[in-house]
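# Structural characterization, general
Below are the chains, spelled out letter by letter.
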Amino acid sequence: SWYVFQNKIGSYQPSHIHQNAWLSGVLYLKVPSKKINAGGSLTFSLRGYDYPKIKKKTNKYDFIPTSGDLVIFPSCLFHQTTKLRKNILRHIIAFDIEPV
């Protein structure tokens, strides 16, 4: 697991996967209120890197977290965060579950 702290406008995590893990997760300790619309949401997609595109369009799913949320997802699912739009604290613990 690892701790991520963001508090500057424009901070984000680019699209990526965790190739050596089975499951990944995020525990949101402190995030901006949904009412503030400060960014920092978690976006899932089937597209990323230079993988071949089977369909022209693929759906993305944006998850807007609240403090205390725990999200677990397949590690092979591309994910990223949206850029922070305000200088507001964002504290998370991210983790991977890997085979032994």
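Residues numbered from 1 in each chain as written. Predicted model: local features only at pLDDT ≥ 70, side-chain atom pairs only at ≥ 80, totals over all residues. Heavy atoms only, no water.

### Notes on the overall build of the protein
As a reminder, the rule being used: Numbering of helices and strands starts at the N terminus; helices are DSSP runs of H or I of at least 4 residues and strands are runs of E of at least 2. Based on C-alpha atoms, the radius of gyration is set beside the globule rule, defined as 2.2 Å times the residue count to the power 0.38. Partly exposed residues are those whose accessible area sits between 20% and 50% of the maximum for their type, while under 20% is buried and over 50% is exposed, using a 1.4 Å probe and protein chains only. Should any heavy atoms of two residues lie within 4.5 Å, those residues are counted as being in contact. Residue-level accessible areas treat just the shown protein chains as cover; the underlying method is Shrake-Rupley with a 1.4 Å probe. In this charge count, Lys and Arg are treated as positive and Asp and Glu as negative; neither His nor the chain ends contribute. The atom standing in for a charge is NZ when the residue is Lys, CZ when it is Arg, CG when it is Asp and CD when it is Glu.
In terms of regular secondary structure, the protein is built from zero helices and seven strands. The order of α-helices and β-strands along the protein, N terminus first, is β-β-β-β-β-β-β. Here the C-alpha radius of gyration of the protein, 14 Å, is about what a compact globule of 100 residues would show, namely 13 Å. Referenced to the eigenvectors of the C-alpha coordinate spread, the extents of the protein come out at roughly 35 × 35 × 20 Å. Among the 100 residues that make up the protein, the fraction classed as buried is 34%. Within the protein, counting contacts between residues at least 6 apart in sequence, those at least 24 apart form 84% of the total. When the accessible surface of the protein is totalled, it reaches about 6800 Å², and 57% of it is carbon and sulfur. Distance between charge centroids for the protein: 13 Å, based on 14 positive and 5 negative side chains.

### Re the nonpolar core
In plain terms, the rule: The set of buried Ala, Val, Leu, Ile, Met, Phe, Trp, Tyr and Cys residues whose side-chain atoms join them within 4.5 Å is what this entry labels a nonpolar core.
In this structure, Val 4, Val 26, Tyr 28, Val 31, Leu 42, Phe 44, Val 71, Phe 73, Leu 77 and Ile 92 together form the largest nonpolar core, which totals 10 residues. When contributions to this core are tallied by element, the ones reaching two or more residues are strand S2 (23-30), strand S3 (42-45) and strand S5 (70-74). Those residues within four positions of Val 26 in sequence are excluded, and the remaining contacts are Asp 69, Leu 70, Val 71, Phe 73, Ile 92, Ile 93, Ala 94 and Phe 95.

### Looking at the confidence of the model for the protein
We count it as follows: What pLDDT expresses is the predictor's confidence in each residue, scored from 0 to 100.
Confidence in the prediction for the protein averages 87 pLDDT; 97% of positions are at 70 or higher. For the protein, strand S1 (residues 2-6) is the element with the lowest average pLDDT, namely 86, and S5 is the one with the highest, namely 97.

### Description of the pairing of S2
Rule in force here: When DSSP finds two or more bridges between a pair of strands, those strands are recorded as paired.
Of the pairings in the sheet, the one linking S2 to S5 comprises five bridges and is antiparallel in character. The residue of S5 that forms the bridge with Gly 25 is Ile 72. In this structure, S2 lies alongside strand S7 (residues 90-97), joined through seven bridges in antiparallel fashion. Pairing of Ser 24 across the sheet is with Asp 96, part of S7.

### What about the sheet that holds S5?
For clarity, the cut-off: Orientation is described by lines fitted to C-alpha atoms, with helices fitted over the stretch in contact, and by angles between N-to-C directions that extend from 0 to 180 degrees.
Strand order in the open sheet made by the four strands is S1-S7-S2-S5, with antiparallel pairing throughout. At either margin of the open sheet sits one strand with a lone partner, and together these are S1 and S5. Adjacent strand axes in the sheet meet at a mean angle of 20° when their direction is disregarded.

### Comments concerning a nonpolar patch on the surface
Test applied: For patch building, the residue pool is restricted to those with more than 30% relative accessible area and no salt bridge; the joining distance is 9 Å between like charges and 5 Å between nonpolar side chains (Val, Leu, Ile, Met, Phe, Trp, Tyr). Any Lys or Arg side-chain nitrogen located within 4 Å of an Asp or Glu carboxyl oxygen qualifies as a salt bridge.
Taken together, the side chains of Trp 22, Leu 23, Leu 70, Ile 72 and Ile 97 define a hydrophobic patch exposed on the protein surface, amounting to about 510 Å² of accessible area. In this fold, Ile 72 is placed in strand S5.

### Concerning the environment of Leu 29
Residue placement: Leu 29 occurs in strand S2. Taking relative accessible area as the criterion, Leu 29 reaches 41% and is therefore assigned partly exposed. Taking the C-alpha atoms as reference points, Leu 29 and Thr 43, 14 residues apart in sequence, are found 18 Å from one another.

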